[in-house]
Amino acid sequence: MEVPFFRHKLSSANAGSVANVLDTPFLTSGSVGRAVEQQLCEFFDVSAALLTNSWTNGAVATLLALGIKPGDEVIVPAMTFIATANVVELLGGKVIFVDVDPDTLVITPELIEAAITNKTRVVIPVHLYGQMCDMKAIQAVVAKHANIAIIEDCAHCFEGQRENYRPGAYSDAAIFSFYATKNITCGEGGAIITRNQELAKKLAKTRLHGMSAGAVDRFKKGAYRHWDMDCLGVKANLPDLLAALLPDQITTIEATLADRTRLANNYRTAFADLPIRVQGLAEDVVSAEHIFPIHVKPDVRDEAINLLNSNGVQVAVNYRSVPTLTYYQERYNHQDSDFPVSSDWGHGTLSLPFYPDMPDNEQQYVIETVKRVVVPICE
Ligand SMILES: *Cc1c(COP(=O)(O)O)cnc(C)c1O
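From a predicted model like this one, the values you see are computed outputs, not experimental measurements. (Residues numbered from 1 in each chain as written. Predicted model: local features only at pLDDT ≥ 70, side-chain atom pairs only at ≥ 80, totals over all residues. Heavy atoms only, no water.)

A. Representation of the overall build of the protein chain in the model. In terms of helices and strands, the protein chain carries 15 helices and eleven strands. Over its C-alpha trace the protein chain gives a radius of gyration of 21 Å, about what one expects of a compact globule, namely 21 Å for 379 residues. Taking the principal axes of the C-alpha coordinates as reference, the protein chain spans close to 70 × 55 × 35 Å. Expressed as a percentage of the 379 residues in the protein chain, the buried residues total 53%. Here the analysis covers contacts within the protein chain between residues at least 6 apart in sequence; of these, 74% occur between residues at least 24 apart. Counting every atom, the protein chain has about 16,300 Å² of accessible surface; 53% of that belongs to carbon and sulfur. Within the protein chain, one finds 32 positive and 44 negative side-chain charges whose respective centroids are separated by 7 Å. (Helix = DSSP H or I, 4+ residues; strand = E, 2+ residues; numbered from the N terminus. Rg over C-alpha atoms; globule rule 2.2 N^0.38 Å. Buried < 20%, exposed > 50% of the residue type's maximum accessible area, 1.4 Å probe, protein only. Contact = heavy atoms within 4.5 Å. Areas by Shrake-Rupley, 256 points an atom, 1.4 Å probe, with all protein chains shown as cover. Lys, Arg positive; Asp, Glu negative; His and termini not counted. Charge placed at Lys NZ, Arg CZ, Asp CG, Glu CD.)

As structure tokens, this is what we get:
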């Protein structure tokens, strides 16, 4: 049997909403995206939402809006996708990596507090694999210091919750990704949500070159209007052509989450008594169940990948610890022992096939294959 790592849920059946945009005069950001932004405001109970063409560009726009300058320190967990750190590097900031909790694999208030200095300007907690960090406690710790903003990396966590709150409740901004493999996708895309109206006004500019008015507003009622630029921005707006794919996925997200949760729990039950580790979930967390990684002894990880691949099971690695990658190694010269949890997880993890429509027989095959070829090399 061949089991793919991932299959998305979109098909030509979703083409109608894109075809409708083709019949309007503006292909770029217009009324379709605005309606999605309204939908996001209601879903997350926030006052502003701005669609972007990626998480990455949304984060650059947010750091620009917050006025990040070269030399400013930004706290980032070592266990994340590279983009979380890259956006800081792009703006000349200094990435301050911190380790993660050995059980939940997310950053904690204590680890953040220990890394804060008088140069810290931003903290970026990452809701890894769909599990939200303890945002309430993180905000309380950060609030003891003046002038430090919190940006949530919600690329894995659209539909997750913690103590019944969602992303955006205890931060200055929360940023989503609608990249091809994310829980909600339009191929490439993202969104920023915020409760801060001042920040939202700046974001409207930093998301679009720094321009004071978007294309649709510049041509309102057929009359041309001048625009100005009073701050530096990036090109991060999402075109309506892509935004058109989002509304139905947002409406059906709870049903999709039920499928993800059932599949994730099948894996958890199957591996419970085996020499295989999985991410621990904190109490009161509803994970968005974005990816299903497991962890084996680092010295057998690559052999496990090869054995799974040769038995038809596609896998991926999410992720190797960011400070161990060549660019970051050369730039910051950290040792594995600086972030022992993140390094060990990064050397031993592999992600199993996982997506909401995964057929039961495929999942059973993956579980049997893990037991047959991976478990023996772990003992
Ligand atoms: C996917 C991902 C990103 C980047 O998202 P893009 O939309 O591809 O820019 C950032 N952070 C994490 C944790 C991710 O998984």
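B. The layout of surface pockets, seen in detail. Taken as a whole, the largest pocket spans an internal volume of roughly 550 Å³. The wall of the largest pocket is formed by 29 residues, among which Arg-34, Ala-204, Arg-207, Leu-208 and Gly-214 lie closest to the centre. Elements that contribute at least two residues to the lining of the largest pocket include exactly helix H2 (31-44), strand S1 (48-52), helix H7 (197-206) and helix H8 (215-218). It is H7 that contributes the most residues to the lining of the largest pocket, five residues altogether. (1 Å grid on protein atoms, 1.4 Å probe; cavity = no way out; pocket = protein on both sides within 12 Å on 5 of 7 lines; lining within 4 Å. Points joined across faces, edges and corners; volume = space filled by probe spheres on them.)

C. Inspection of the site of the ligand at higher detail. Residues in contact with the ligand amount to 15 residues; listed here are only the nearest, Thr-56, Asp-153, His-156, Ser-177 and Lys-182. A distance of 3.1 Å separates an oxygen atom of the ligand from a polar side-chain atom of Tyr-319. Protein contacts shield 93% of the accessible area of the ligand, which totals 380 Å² for the unbound molecule. Because more than half of its atoms lie within 2 Å of the grid, the ligand is assigned to the second largest pocket. Breaking the shell around the ligand down by element, the ones donating at least two residues are helix H3 (55-65) and helix H4 (83-90). Here the residues of the shell around the ligand are counted per class, giving six nonpolar, seven polar and two charged. (Near = heavy atom within 4 Å. Polar contact = N/O pair within 3.5 Å; in protein donor to acceptor, adjacent residues only side chain to side chain. Sits in = over half its atoms within 2 Å of the grid points. Nonpolar A, V, L, I, M, F, W, Y, C, P; charged D, E, K, R; others polar.)

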